[in-house]
Structures are given as structure tokens and as C-alpha cells.
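Geometric and topological summary
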Amino acid sequence: MTKKSDVLIIGSGPAGLTAAIYTARASLDPVMLEGEPSSTGDQPGGQLMLTTEVENFPGFPSGIMGPELMSSFRKQAERFGTDIETVKATKVDFSERPFKVWVGSDTSGAPTHISESVIVSTGAKALMLGLDRETELIGKGVSTCATCDGFFFKDQEIAVVGGGDSAMEEASFLTKFASKVTIIHRRDSLRASKIMQDRALNNPKIEFLWNSEVVSYEGDAALEGVTVRNNQTDESQVLPVTGLFVAIGHKPNTTIFEGQLDTDEEGYIVTKSPSSYTSVEGVFACGDVQDKTYRQAITASGSGCVAAIDAERWLEANVH
Ligand code: NAP
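The structure contained in this document is the topic of the report that follows. (Residues numbered from 1 in each chain as written. Predicted model: local features only at pLDDT ≥ 70, side-chain atom pairs only at ≥ 80, totals over all residues. Heavy atoms only, no water.)

**Remarks on the packing of aromatic side chains**
Test applied: In summary, the pairing rule links any two rings of Phe, Tyr or Trp, Trp by its six-membered ring, whose centres are within 6.5 Å, and it sorts them by plane angle into stacked for under 30 degrees, edge-to-face for over 60 and tilted for everything else. Residue burial is assigned from relative accessible area. The probe radius is 1.4 Å, only protein chains are included, and a residue is buried under 20% of its type maximum, exposed over 50%, and partly exposed in between. By the criterion adopted, a ring carries a charge over it if an Arg CZ or a Lys NZ lies within 6 Å of its centre and within 35 degrees of its normal.
Across all of its chains, the model carries 10 aromatic pairs by this definition. A ring pair is formed by Phe173 and Phe177, whose centres lie 5.4 Å apart and whose planes are at 70°; its orientation type is edge-to-face. Classification of Phe173 by relative accessible area gives partly exposed; the value is 26%. With a centroid separation of 4.8 Å and 10° between ring planes, the pair formed by Phe208 and Trp210 is classed as stacked. Owing to a relative accessible area of 30%, Trp210 belongs among the partly exposed residues under this scheme. Aromatic rings pair up to connect Phe57, Phe60 and Phe73 into one cluster. Its end group placed over the ring of Phe80, Arg25 keeps NZ or CZ at 5.4 Å from the ring centre.

**What to know about the side chain of Thr278**
Put simply, the rule reads: Each helix corresponds to a stretch of at least 4 residues labelled H or I by DSSP, and each strand to a stretch of at least 2 residues labelled E; elements are numbered beginning at the N terminus. Whenever two N or O atoms come within 3.5 Å, that pair is a polar contact, provided that in protein one can donate a hydrogen and the other can accept it, and provided that, for residues adjacent in sequence, both atoms are side-chain atoms. Whether two residues are in contact is decided by their heavy atoms, any of which lying within 4.5 Å being enough.
Within the fold, Thr278 resides in the loop between strand S18 (250-252) and strand S19 (283-285). Residue Thr278 is classed as buried on the basis of its relative accessible area of 1%. Of note is the side chain of Thr278, whose polar atom sits 3.2 Å from the backbone nitrogen of Val280. Within the structure, Thr278 has its side chain in polar contact with the backbone oxygen of Val283 (distance 2.7 Å). Aside from chain neighbours lying at most four places away, what touches Thr278 is Leu261, Ile269, Val270, Thr271, Lys272, Val283, Phe284 and Ala285.

**Section: the pattern of salt bridges**
This is how it is decided: Any Lys or Arg side-chain nitrogen located within 4 Å of an Asp or Glu carboxyl oxygen qualifies as a salt bridge.
The tally for this structure, following the rule as stated, stands at 13 salt bridges. One salt bridge connects Glu85 with Lys3, and the closest N-O pair in it is separated by 2.6 Å. Of this pair, Glu85 sits in strand S5 (residues 83-85) while Lys3 sits in strand S1 (residues 3-10), placing them 82 residues apart in sequence. Relative accessible area serves as the criterion here: at 29%, Lys3 is assigned to the partly exposed category.

**Description of the site of the ligand**
In plain terms, the rule: We call a residue near a molecule or strand as soon as one heavy atom of that residue lies within 4 Å of the molecule or strand. Surface accessibility follows the Shrake-Rupley procedure with a 1.4 Å probe radius. Residue values consider only the protein chains on display as shielding. Gly is placed with the polar residues, together with every amino acid not listed as nonpolar (Ala, Val, Leu, Ile, Met, Phe, Trp, Tyr, Cys and Pro) or charged (Asp, Glu, Lys and Arg).
Surrounding the ligand, one finds 14 residues, the nearest of these being Asp165, Ser166, Glu169, Arg187 and Arg191. The side chain of Asp165 places a nitrogen or oxygen atom 2.5 Å from an oxygen atom of the ligand. In the model, an oxygen atom of the ligand is placed 2.7 Å from a nitrogen or oxygen of the Arg187 side chain. For the ligand, the protein covers 68% of the area, taking 910 Å² as the surface of the free molecule. Taken together, the residues that form the shell around the ligand break down as three nonpolar, six polar and five charged.

**A few points about the state of the cysteines**
The following threshold applies: Cysteine sulfur atoms are paired as a disulfide whenever they fall within 2.5 Å.
According to the stated counting rule, one finds one disulfide in the structure shown. At a sulfur-sulfur separation of 2.1 Å, the disulfide partner of Cys145 is Cys148. Because the sign of the S-S torsion sets the handedness, a value of about 75° for the bond joining Cys145 and Cys148 places this disulfide among the right-handed ones. Using a relative accessible area of 14% as the deciding quantity, one classes Cys145 as buried.

As C-alpha cells, then:
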């Protein structure tokens, strides 16, 4: 049977759950499709479910574990009446209102949900190297966020993988904490902008390993090193680092919105700054699915609040 709502939220990270808290408190009875865990990295609760300690989310002076923080967000959203379904949206039709959404593998029949407005908060995935034990070592030495985890590597030797702006930025930032940062790049020239390259190349704490690829993680309970292979000479060496920051890009989770919402060349949903309005009136986007710059839980959360207020005002003016 098709479920009807005024607000349907797709995605359950900090952005979606904040949008749920706000729209629920505004008595809009939001329905949230929180997603389902999958082997390809889908994760209800978003990227914080894959992290350990979060020390920079305001309000937690002693820090909090990522999953515990998301569980609190979820409880708060439920407390005000958010109807949360542990299913994954697999098809949308935003061509007319009410908007249609399908879940599950069979999308041939009637939509499972129709809604007057939709808040898209499906997030983004950090691209990973795809090596053995990578997922289990996240938060135990392997990281995708220098801003989040750099502080844990004071006076330690660490490495960054990648040759783009993110890798240069993360490496430069990490020199505030680490005693040495090695940038491991698979080619002999960088993709990063000249200014970011120069900053990294001129930083005395940064060394470069060119034409090099990480081929395995070393250490049991936590990272103790990475084996790096030179793809020109085929020689391997173990780099004794306690931290490895993977900075090889992100991919927004926007496959189901292709052809429905305007996206930029990298697939991020385009919003009409400073609002959460997308190219379709009544569909709003928040969090990492539309933000490739800040990517923090607190900024995602703030943008979820923006989307909730935008949806509430839009519904008031156009539907109710
Ligand atoms: P990016 O520009 O796509 O660079 C990704 C880097 O990772 C490339 O050097 C690539 O190598 C390498 N890479 C990709 N897959 C790999 C793999 N499997 N193994 C090893 N290395 C791999 O991504 P980004 O640096 O995240 O930047 C994304 C966008 O955000 C860019 O437009 C960038 O300018 C922008 N950005 C801007 C700033 C800033 O201005 N402050 C900061 C961060 C990001 P190859 O070079 O060999 O392809």
C-alpha cells in the first residue's frame, strides 16, 4: 500500500535526522527512509557510524563515539514522532506532485511512498582503496577525515594517499599534529592546484613517495604500517605509520536522482544557496549530498535544519 506524507526524508545521517527533528516538532509527521546496511558501504546513520570518537561535535566536552551520537539523533527524531523505515529508496519520480518514491528491488508497481515534499539527505561516500581489512581499521589508524581525526596523531608518523587538492590540504593540516607526513601518490605529478601543491612541497614536515601505491595494511588491532609498492620498479617497502588518511575523492549518493534533480559535474545536487532548494520545487537537499566543501557532521546538521525550515515554509505557502 502506498504511504502518504507531507515530508519524506531520504537518508539518515546528521542532515536527515536533524531535518526529521525539526519537521517532527513542527507537527509535519515526517516519514524517513533511513536506508539499509549493505556490503557496498551503505549505512543508516551515515558516515559517523563508521567512525570512533568524535571530539569536535559541540555539546560533548569529553567526546562521544560516532554511532552513539547518531543513535541519540535518531532517538530524538523518534521522540517527536518521526516514522522511520529501515528501507532503501531505489527509485524516485519528481516530475509532478505529489512526488513518488519506491523502495526495494521491485519498482514496477505503484510507488511505496507519495509525498508533498521531499528532503534528500543521502550523503556521500569517501572513496577507499579497497584493501583487505580496510573497513575494520577505520577509526583504528585508517581515516578519511583529517579535520576529524588529525588530533589523535600528535607527534606520530602518518601518511596521506592521493595527489589532488584534498590530499594536499589534509597533509598540510596534519603537519600541525604529526611529526612527519608522507604523501603517497600513484603518479609522478600532482593533480592538485598549483598553490596547494606548493604549500605541500614546501612544507618541511611533508615527504613525497611518487609512483607508489599502498598494497596492504600492517598491524593487528590498530594500524602499525602500510606496505607500499613502487609501480615503476616493483619494489616494496613497509612505511611504519600509525595513521593513513585516504584522500582520493568522494562520491555523492545521487544515482537515484539522476535525470530528476540538477547535479554538478561530480554528481552533487545543486542547491540554491543559501537555501536548500533544488531544481525541483518542493524537493530540498541537505548534508554531504550537496556539500563537497565542509563535510562535517555539524555543517550537515545545520543544513538539515535549513531544509526542514525551507520545507515547512514551502508547504505552508503551497500546500496547506
Ligand atoms: P581529486 O581531485 O579527484 O583527486 C583524487 C586523487 O586521488 C588523484 O590524485 C588521484 O590520482 C588519486 N586517486 C584516485 N583514486 C585512487 C586510487 N584508487 N588509489 C590511489 N590514488 C587514487 O579529488 P579531491 O582531491 O578530493 O578533490 C575533489 C574536488 O574538490 C576537486 O575539484 C578539488 O579541486 C576540490 N577541492 C578543493 C580544495 C581547495 O581548494 N581548498 C580542497 C579539497 C578539494 P590521479 O591524479 O593519478 O588520478
